[in-house]
Amino acid sequence: MIQYRTVDKLAARIALHGYGTNPQPWQDWVRERLPSRQGQRVLEVGAGTRALWPSKPDIALVPTDLSAAMCTTLRGKGFAPARCSADALPFAAGSFDGAIASHMLYHVDEPPKAIAELNRVLRPGGWLVATTNGGGHMAELWEIAEKVGLPMSFPLAADLSFRAENAIALLSRDFEDVDLIRYEDELVVATPEPVVAYLASCVDRDLTDEELSVLHNEVAGRGTVRIHKHSVLVTARSDQGNGS
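Residues numbered from 1 in each chain as written. Predicted model: local features only at pLDDT ≥ 70, side-chain atom pairs only at ≥ 80, totals over all residues. Heavy atoms only, no water.

Visitor: Even after reading the chapter, I still don't get the sheet that holds strand S5 (residues 122–133), so can you show me in this structure?
Guide: Picture the strands of a sheet paired through backbone hydrogen bonds; they go either parallel or antiparallel. As summarised here, the arrangement of the seven strands in space is S3-S2-S1-S4-S5-S9-S6, forming an open sheet in which the pairing is mixed. In the strand order of this sheet, the two ends are held by strand S3 (82–83) and strand S6 (175–183), each with one partner. Bridge count between strand S2 (residues 60–65) and S3: two bridges; the pairing is parallel. Each residue of the ladder has a partner; that of Thr-64, found in S3, is Ala-82. Contacts between helix H4 (residues 111–121) and the sheet are confined to strand S1 (41–45), strand S4 (96–102), S5, S6 and strand S9 (231–238), with S5 contributing the most and set at about 145 degrees to the helix. (Pairing = 2+ DSSP bridges. Helix = DSSP H or I, 4+ residues; strand = E, 2+ residues; numbered from the N terminus. Contact = heavy atoms within 4.5 Å. Axes fitted to C-alpha atoms, helices over the stretch in contact; angles between N-to-C directions.)

As structure tokens, this is what we get:
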């Protein structure tokens, strides 16, 4: 996917979430809800730039990503990532104690296939933590994009293939004890630049100077922009048959 040929577009999107009003940042909130994991062997699919781990994790983390640029970044941070898709994992059955799929299962062509793969590589009773978005998530940004005619490369959150509204049903086909928790947050952005950078990053090409100018003027004219979020974390436990 063009979006992930470099780390720049992902970095712009991550940066906007720094304007959240929840006093506990998203990454801290997610890590706090991971099962007891010290010393465990844990797979992270779609690890990206390792944003979830600002310091060295207390686990034997095995990151993967389909993007060559992301894998290069991970190697620069001292990891040995596997370049692969989440729906075709190059690991033996029962290889991991836990797995993390953070905002990435909607990127694979067939989320049920990726979910089955995650179940396969987990030991019986192993844990999975997946995150995603739901209806209304950051809809204000898509409204701005529509108004100025930006060809967004991502669908609305309500149209994601793996989203808050169907995550439990999809995971329950292969996992047990599936539970969903919502992260309460709102972004409040007083200057246009972070919003412009986010929206520009969601287009599969560089915007022209004219497009950037129109976008900047539209955002600036709105003053402080308030952006509502609908992000969730889903926990699950691998069934005893590992997909058999």
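Visitor: Help me out: how do you make sense of the packing of aromatic side chains in this one?
Guide: Aromatic rings considered in pairs are described by the distance between their centres and by the relative angle of their planes. Overall, the coordinates contain four aromatic pairs when judged by the stated rule. Each ring, one from Trp-26 and one from Tyr-183, has its centre 5.2 Å from the other, and the planes form 75 degrees; the classification is edge-to-face. Highlighted residues: Trp-26 in helix H2 (residues 26–32) and Tyr-183 in strand S6, separated in sequence by 157 residues. The buried category is assigned to Tyr-183, whose relative accessible area is 1%. Note on Phe-91 and Phe-96: the rings are 5.1 Å apart at their centroids and 90 degrees apart in plane angle, and the pair reads as edge-to-face. (Phe/Tyr/Trp six-rings, centres within 6.5 Å; stacked < 30°, edge-to-face > 60°. Buried < 20%, exposed > 50% of the residue type's maximum accessible area, 1.4 Å probe, protein only.)

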